[in-house]
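For reference, the chains in residue letters:
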Amino acid sequence: AQSVTQPDIHITVSEGASLELRCNYSYGATPYLFWYVQSPGQGLQLLLKYFSGDTLVQGIKGFEAEFKRSQSSFNLRKPSVHWSDAAEYFCAVGANRGGNKLTFGTGTQLKVEL
Amino acid sequence: DAGITQSPRHKVTETGTPVTLRCHQTENHRYMYWYRQDPGHGLRLIHYSYGVKDTDKGEVSDGYSVSRSKTEDFLLTLESATSSQTSVYFCAISGGVEAFFGQGTRLTVV
C-alpha cells in the first residue's frame, strides 16, 4: 500500500528566507508525486507534479521539488518565501495506473514571519 | 480553476438523517473522487468513480455510498449521518493523472 509521511506539522520561516518542506513516500513502483497547497477555507491547488524524467521539477509560484528515489523523498523548496506563501502544504502519491487515486500526507502548516 | 462545483458548501444536519453532497464538473473528465479532510489526517479517499455507473471504495468508505449516473455528476450519500462524519468533504476530478479539487463542503453533524 502506498503511504506518505510529512514529518513537520508546523514550520515557521521569515519572509525572504529559503524553505524546504519534507515528504517521504512508500510505493512499490515508480510513483506519481504531487505537492498541493491549501489556503484557509479553500480547496487544494496543484503546485507541481512528478511523473518521470528530470528529477527536479518546477512548479507555480516559484516552487520546485526534487525526486530522490534512493531516499524515497520528494521535498518541496522555494529560495525566497513571500508572506502570501503562508498556507498548508500537502504531499501526495498516486499509483501510475488508470485513475491515480491519491494518498496524502498529513500536511505541513507554513507560517511566514514578516 | 477547473470546472468543479460542490453543493452545498455548508450543511448542518442531525444525527441519523440522510445527507447527499453533489459534485458537478464541466471538464468531461473520466475520474471523480470524494475525499474527506480531518485535522491530523490530511485527505482520505472515500469513494471514486472511473466512469458512469463504475465506482469503487476508497480507504474510508464505511457509512458512505456514491452514485454516478452522468459523466458530470458524482453524488456522495451519508445513509445515516453520525458525528464522526463531521468533516470537510472535497470532490476531485482527473483525466487520468493530476487531480483538481473543488472548494469543499463543510458538513457538521449534531
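Worth saying up front: this structure is predicted, and the values here are computed from it rather than measured.

## Comments concerning the overall build of chain B
At step 1: Looking only at helices and strands, chain B features zero helices and 11 strands.
At step 2: The helix and strand sequence of chain B, counted from the amino end, reads β-β-β-β-β-β-β-β-β-β-β.
At step 3: Projected onto the principal axes, the alpha-carbon positions of chain B cover approximately 35 × 25 × 25 Å.
At step 4: Among the 110 residues that make up chain B, the fraction classed as buried is 50%.
At step 5: Nonlocal contacts in chain B, meaning residues at least 24 apart in sequence, comprise 53% of its contacts between residues at least 6 apart.
At step 6: Put simply, chain B shows about 5,100 Å² of open surface, and 47% of that area lies on carbon and sulfur atoms.
At step 7: Charge centroids of chain B, computed over 11 positive and 12 negative side chains, lie 3 Å from each other.

## Comments concerning the overall build of chain A
At step 1: On a plain count of helices and strands, chain A comes out with zero helices and 12 strands.
At step 2: The order of helices and strands in chain A, counted from the N terminus, is β-β-β-β-β-β-β-β-β-β-β-β.
At step 3: In terms of C-alpha radius of gyration, chain A reaches 14 Å, essentially the compact-globule figure of 13 Å for 114 residues.
At step 4: Each principal axis of the C-alpha atoms in chain A carries an extent, and together these give about 40 × 30 × 25 Å.
At step 5: The buried share of chain A, reckoned over its 114 residues, is 47%.
At step 6: The contacts in chain A between residues at least 6 apart in sequence include a share of 55% that link residues at least 24 apart.
At step 7: Surface summary for chain A: the accessible area is close to 5,400 Å², and the carbon and sulfur share equals 47%.
At step 8: Side chains of chain A carry 10 positive and 9 negative charges; the gap between the two charge centres is 9 Å.

## Things to note about the pattern of salt bridges
At step 1: Applying the stated criterion across every chain, the model contains nine salt bridges over all chains.
At step 2: Between E98 of chain B and K49 of chain A there is a salt bridge; the shortest N-O distance is 3.3 Å. A residue pair is termed interchain when its members come from two chains, as with E98 of chain B in the loop between strand 9 (87-94) and strand 10 (99-101) and K49 of chain A in strand 6 (residues 44-50).
At step 3: Look at K49 of chain A and you get partly exposed, because its relative accessible area is 32%.
At step 4: Salt-bridge contacts for D38 of chain B lead to R44 of chain B; the nearest nitrogen and oxygen are separated by 2.9 Å. You'll find D38 of chain B and R44 of chain B in the same group, each marked buried.

## Comments concerning the sheet that holds strand 3 (residues 19-25) of chain B
Residue and element names in this part refer to chain B.
At step 1: A sheet is described by the order of its strands in space; here four strands give the open sequence 1-3-8-7, paired in antiparallel fashion. One side of each edge strand has no neighbouring strand; the edge strands of this open sheet are strand 1 (4-7) and strand 7 (64-70). Averaged over all neighbouring strand pairs, the angle between strand axes comes to 20 degrees, with direction disregarded.
At step 2: Here strand 7 runs beside strand 8 (residues 73-78); their pairing, made up of five bridges, is antiparallel. Among the inter-strand pairings, S67 is bridged to a residue of strand 8, identified as L75.

## Things to note about the nonpolar core
All names here are of chain A.
At step 1: Counting residues in hydrophobic clusters, the biggest one holds 28 residues, and the most contacted among them are L19, W35, L47, L48, F74, L76 and Y89.
At step 2: Sorting the residues of this core by element identifies strand 2 (10-14), strand 3 (19-21), strand 5 (32-38), strand 6, strand 8 (64-68), strand 9 (73-78), strand 10 (87-94) and strand 12 (108-113) as the ones contributing at least two each.
At step 3: Looking at this core, the element that brings in the most residues is strand 10, giving four residues.
At step 4: Setting aside anything within four residues of it in sequence, one finds Y89 in contact with Q6, L21, W35, Y36, V37, L47, F63, L76, G107, T108 and L110.

## What about the side chain of Q6 of chain A?
All names here are of chain A.
At step 1: When you line up the elements, Q6 lands in the loop between strand 1 (3-5) and strand 2.
At step 2: Judged by its relative accessible area of 4%, Q6 is buried.
At step 3: Of note is the side chain of Q6, whose polar atom sits 3.0 Å from the backbone nitrogen of C91.
At step 4: Polar contacts involving the side chain of Q6 include one to the side chain of T108, which spans 3.4 Å.

## Concerning the environment of D62 of chain B
Residues and elements named next belong to chain B.
At step 1: The residue D62 is located in the loop between strand 6 (54-57) and strand 7 in this model.
At step 2: Since its relative accessible area comes to 69%, D62 is described here as exposed.
At step 3: Residues D62 and L78, 16 residues apart in the sequence, show an inter-C-alpha distance of 9.5 Å.

So, how was this worked out
Residues numbered from 1 in each chain as written. Chains lettered and ligands numbered in written order. Predicted model: local features only at pLDDT ≥ 70, side-chain atom pairs only at ≥ 80, totals over all residues. Heavy atoms only, no water. Helix = DSSP H or I, 4+ residues; strand = E, 2+ residues; numbered from the N terminus. Buried < 20%, exposed > 50% of the residue type's maximum accessible area, 1.4 Å probe, protein only. Contact = heavy atoms within 4.5 Å. Areas by Shrake-Rupley, 256 points an atom, 1.4 Å probe, with all protein chains shown as cover. Lys, Arg positive; Asp, Glu negative; His and termini not counted. Charge placed at Lys NZ, Arg CZ, Asp CG, Glu CD. Rg over C-alpha atoms; globule rule 2.2 N^0.38 Å. Salt bridge = Lys/Arg side-chain N within 4 Å of Asp/Glu carboxyl O. Pairing = 2+ DSSP bridges. Axes fitted to C-alpha atoms, helices over the stretch in contact; angles between N-to-C directions. Core = buried A, V, L, I, M, F, W, Y, C linked by side-chain atoms within 4.5 Å. Polar contact = N/O pair within 3.5 Å; in protein donor to acceptor, adjacent residues only side chain to side chain.

In short, geometric facts, not functional conclusions.
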